[in-house]
Amino acid sequence: MNKKTLKDVDVKGKRVFCRVDFNVPMQDGKIADETRIRAALPTIQYLMEQGAKVILASHFGRPKGKVVEEMRLTPVGVRLAELLGKDVKKADEAYGDSVKALIETMQEGEVLLLENVRFYPGEEKNDPELAKAFAELAEVYVNDAFGAAHRAHASTEGIAHNLPAVSGFLMEKELDVLGKALSNPERPFTAIIGGAKVKDKIGVIENLLELVDNLIIGGGLAYTFVKAQGHEIGKSLLEADKVDLAKSFMEKAKEKGVNFYMPVDAIVADDFSADANTKVVRIEEIPADWEALDIGPKTAEIYREVIQKSKLVIWNGPMGVFEIDKFAGGTKAVAEALAEAEGTYSVIGGGDSAASVEKFGLAEKMSHISTGGGASLEFMEGKALPGVVALNDK
Ligand SMILES: Nc1ncnc2c1ncn2[C@@H]1O[C@H](COP(=O)(O)OP(=O)(O)O)[C@@H](O)[C@H]1O
Ligand SMILES: O=C(OP(=O)(O)O)[C@H](O)COP(=O)(O)O
């Protein structure tokens, strides 16, 4: 990497603003998967050992520029303190006088967690004033938030123009591993795209069609494509203004000779809940009042076969609502196929995909679990990541 890293700066006794990605999946008010917290520990522990005053910043969910009580970082701070075996101070804001006063009291090696940076509208707008306000808190900026590196926000990009700016160890490792896997991809190369962030991921698909041999679609994302095939999808997730785009991608796949795999069956439910009535239907027969919450068994079998024949697989986004057991079968089948595939290099990206392989106890069997979903996809497309570009060159 041609960017400065933590090892290139002296942080002893300095106030260090360290951007991490603590956007962990939650379930019933509890942290459902702490992979992202654990992944940031090497950088945090190094900063502590070096005698820095460690000021941690992260986003959490999508509060859209307002304070949302359930999106405070308090539970993350509690868990971080347990993992570090050290106290973690928690601020109720992310900049300003109250935060400065807290920093004044910090000793070398202590850790302060700021409040959710997305409580402020300036964060996602990359407002230079907010970036300056963050920078005023510290003397050095470290970006270890690989999962948010594709966002040009005040705490990921803007701040880097105001302070000496270097990457953390997680950022460095992610870029290194993903870069190596992609520099000369082994083929067949398969991408599996699922999840619910239809708007974010649909554009990625177009670029992936330039790279891969097989493209597998699942999750909530799939039903915009099913609609584009001309089928009714009941109450399934739909991004209505992307249907034409989805159609054009299917045509592009044909032109490029990319095998484009879509669900042929689905598990539909009469309610988005664990007590819903469910049934397996062919994809062209989703009933009007039902919604598809998982791929069906035939689809899972087809996907399994494609995975097993692949040499490189990148997987981003679950195949169904895996948080509810009834709708976890498709995601589990894909995870198992990856775990069993011999000689296949598997890269798992995205908070929820990582959470799913953890849940199934298969994390150890994957070649690399990336802490970034959207970030790893954009990196693989060859796009520059703003959070990386803004760091100081070596
Ligand atoms: N068919 C579906 N309908 C609605 N939501 C879905 C469906 N399939 C998957 N999901 C949801 O998608 C979410 C994950 O989406 P996303 O954030 O895009 O993935 P990742 O974090 O892995 O990038 C999960 O919470 C899952 O329940
Ligand atoms: O969870 C994240 O992205 P991911 O779901 O693509 O892994 C990152 O924390 C970025 O969050 P965002 O997509 O709300 O900017």
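Residue numbers run consecutively from 1 along every chain, following the written order of its sequence. Lettering of chains starts at A and numbering of ligands starts at 1, both following the order in which they are written. pLDDT decides what is reported in this predicted model: residues at 70 or higher carry local features, side-chain atom pairs at 80 or more are listed and counted, and totals for whole chains, interfaces and linings draw on all residues regardless. Values shown for side chains rest on all heavy atoms present in the structure; no hydrogens or waters enter the calculation.

**What about the overall build of the chain?**
Spelled out, the test is: Secondary structure counts use DSSP, requiring at least four H or I residues in a row for a helix and at least two E residues in a row for a strand, with both numbered from the N terminus. For the radius of gyration, the atom set is restricted to C-alpha positions; the globular benchmark scales as 2.2 Å times the number of residues to the power 0.38. Contacts are assigned to residue pairs with any non-hydrogen atoms lying within 4.5 Å of each other. Surface accessibility in these figures is a Shrake-Rupley result with a 1.4 Å probe; residues are shielded only by whichever protein chains are displayed. For this count, His and the chain ends are skipped, Lys and Arg are scored as positive, and Asp and Glu as negative. The location of each charge is read from NZ of Lys, CZ of Arg, CG of Asp or CD of Glu.
Secondary structure assignment for the chain yields 14 helices and 17 strands. Its C-alpha atoms give the chain a radius of gyration of 22 Å, near enough to 21 Å, the size a compact globule of 394 residues would have. C-alpha extents for the chain along the principal axes are approximately 65 × 45 × 35 Å. A separation of at least 24 residues holds for 74% of the contacts in the chain among residues at least 6 apart in sequence. Carbon together with sulfur atoms contributes 47% to the accessible area of the chain, which is approximately 16,500 Å² in total. Charged side chains in the chain number 49 positive and 62 negative. The centres of these two groups are separated by 2 Å.

**Focus: the site of ligand 2**
We count it as follows: In these notes, residues near a molecule or strand are those with any non-hydrogen atom within 4 Å of it. We call two N or O atoms a polar contact when they sit within 3.5 Å, provided that within protein one can donate a hydrogen and the other can accept it, with sequence-adjacent residues counted only if both atoms are side-chain atoms.
As a matter of local geometry, ligand 2 sits amid 13 residues, with Arg-62, Arg-118, Arg-151, Lys-197 and Gly-374 nearest to it. Contact distances for ligand 2 include 2.6 Å between an oxygen atom and a side-chain N or O atom of Arg-151. The separation between an oxygen atom of ligand 2 and a polar side-chain atom of Lys-197 is 2.7 Å. When ligand 2 is considered free in solution it has 390 Å² of accessible area, and contact with the protein chains removes 93% of it.

**Describing the packing of aromatic side chains**
Keep this limit in mind: Pairing of aromatic side chains here covers Phe, Tyr and the six-membered ring of Trp, requires ring centres within 6.5 Å, and sorts the geometry by plane angle: under 30 degrees stacked, over 60 edge-to-face, intermediate tilted. Working definition: with a 1.4 Å probe on protein chains only, accessible area under 20% of the residue-type maximum means buried, over 50% means exposed, and in between means partly exposed.
Across all of its chains, the model carries 6 aromatic pairs by this definition. Between Phe-17 and Phe-134, the ring centres sit 5.5 Å apart and the planes meet at 45°, which makes this aromatic pair tilted. A residue pair is termed long-range when its members are at least 10 positions apart, and Phe-17 in strand 1 (residues 15-19) and Phe-134 in helix 5 (residues 128-135) qualify at 117 residues. We classify Phe-134 as buried; its relative accessible area is 0%. Within the aromatic cluster, the residues linked to one another by ring pairs are Phe-17, Tyr-95, Tyr-120, Phe-134 and Tyr-141.

**Observations concerning the UniProt feature "modified residue: Phosphoserine" (unreviewed entry) in the chain**
For clarity, the cut-off: UniProt positions are given in the numbering used here, feature names are shortened, and annotations may be inferred rather than shown by experiment.
Following the UniProt record, one finds the feature "modified residue: Phosphoserine" (unreviewed entry) at Ser-183. Among the structural elements, Ser-183 can be located in helix 6 (residues 169-183).

**Concerning helix 12 (residues 351-359)**
Within helix 12 the residues assigned to the buried category are Gly-351, Ser-353, Ala-354, Ala-355, Ser-356 and Val-357. The secondary structure elements touched by the buried residues of helix 12 are helix 1 (35-49), strand 15 (312-316), helix 11 (329-340), strand 16 (345-349) and strand 17 (368-369).

**What to know about the nonpolar core**
Rules: Residues belong to one nonpolar core when they are buried, are Ala, Val, Leu, Ile, Met, Phe, Trp, Tyr or Cys, and are joined through side-chain atoms within 4.5 Å.
The biggest cluster of nonpolar side chains holds 48 residues, and the ones touching the most others in it are Leu-215, Tyr-223, Phe-225 and Phe-260. Not counting residues up to four positions away in its chain, the partners in contact with Phe-225 are Ile-202, Ile-205, Ile-217, Ala-246, Phe-249, Met-250, Phe-260 and Met-262. Of all hydrophobic cores here, the second largest spans 31 residues; its members include Leu-41, Met-48, Ala-81 and Phe-169.

**With respect to the site of ligand 1**
The following threshold applies: Classification convention: Asp, Glu, Lys, Arg as charged; Ala, Val, Leu, Ile, Met, Phe, Trp, Tyr, Cys, Pro as nonpolar; all other residues, Gly among them, as polar.
Near ligand 1, the surroundings consist of 19 residues, among which Ala-196, Lys-201, Glu-323, Asp-352 and Ser-353 are the closest. At 2.9 Å from an oxygen atom of ligand 1 is found a main-chain nitrogen or oxygen belonging to Ala-196. Glu-323 is positioned such that a nitrogen or oxygen atom in its side chain is 2.5 Å from an oxygen atom of ligand 1. Protein contacts shield 89% of the accessible area of ligand 1, which totals 590 Å² for the unbound molecule. When residues of the shell around ligand 1 are traced back to their parent elements, those giving at least two are strand 14 (291-295) and helix 12. It is helix 12 that provides the largest number of residues to the shell around ligand 1, a total of 3 residues. When its residues are assigned to classes, the shell around ligand 1 shows 6 nonpolar, 9 polar and 4 charged.

**Regarding the sheet that holds strand 16**
Our working rule: A pair of strands counts as paired when DSSP detects no fewer than two bridges linking them. Here the axes come from fitting lines to C-alpha atoms, over the contacting stretch only for helices, and the angles between their N-to-C directions go from 0 to 180 degrees.
Taken in spatial order, the 6 strands line up as 11-10-9-15-16-17 in an open sheet, and their pairing is parallel. Of all the strands in the sheet, just strand 11 (259-261) and strand 17 have a single pairing partner and so form its edges. Relative to strand 15, strand 9 (residues 189-193) runs parallel, the two being bridged by 5 bridges. Bridging across to strand 15, Thr-190 finds its partner in Val-313. Relative to strand 15, helix 11 is tilted by about 155°, and along the sheet it contacts strand 9, strand 15 and strand 16.

**Considering the UniProt feature "binding site: (2R)-3-phosphoglycerate" (unreviewed entry) in the chain**
When the UniProt feature table is mapped onto this chain, "binding site: (2R)-3-phosphoglycerate" (unreviewed entry) is found at Arg-36, Arg-118 and Arg-151. Here Arg-36 is to be found in helix 1. Not counting the four nearest positions on each side in its chain, Arg-36 is found in contact with Asp-21, Phe-22, Asn-23, Val-24, Gly-350, Gly-351, Thr-371, Gly-372 and Gly-373. A polar contact of 2.7 Å, which involves the side chain of Arg-36, links it to the backbone oxygen of Asn-23. Here Arg-151 is to be found in the loop between strand 7 (140-143) and strand 8 (165-167). Looking at Arg-151, the relative accessible area reads 21%, which means it is partly exposed. Contact partners of Arg-151, with chain neighbours within four places excluded, come to Arg-62, Arg-118, Thr-156, Asp-200, Pro-386 and Gly-387.

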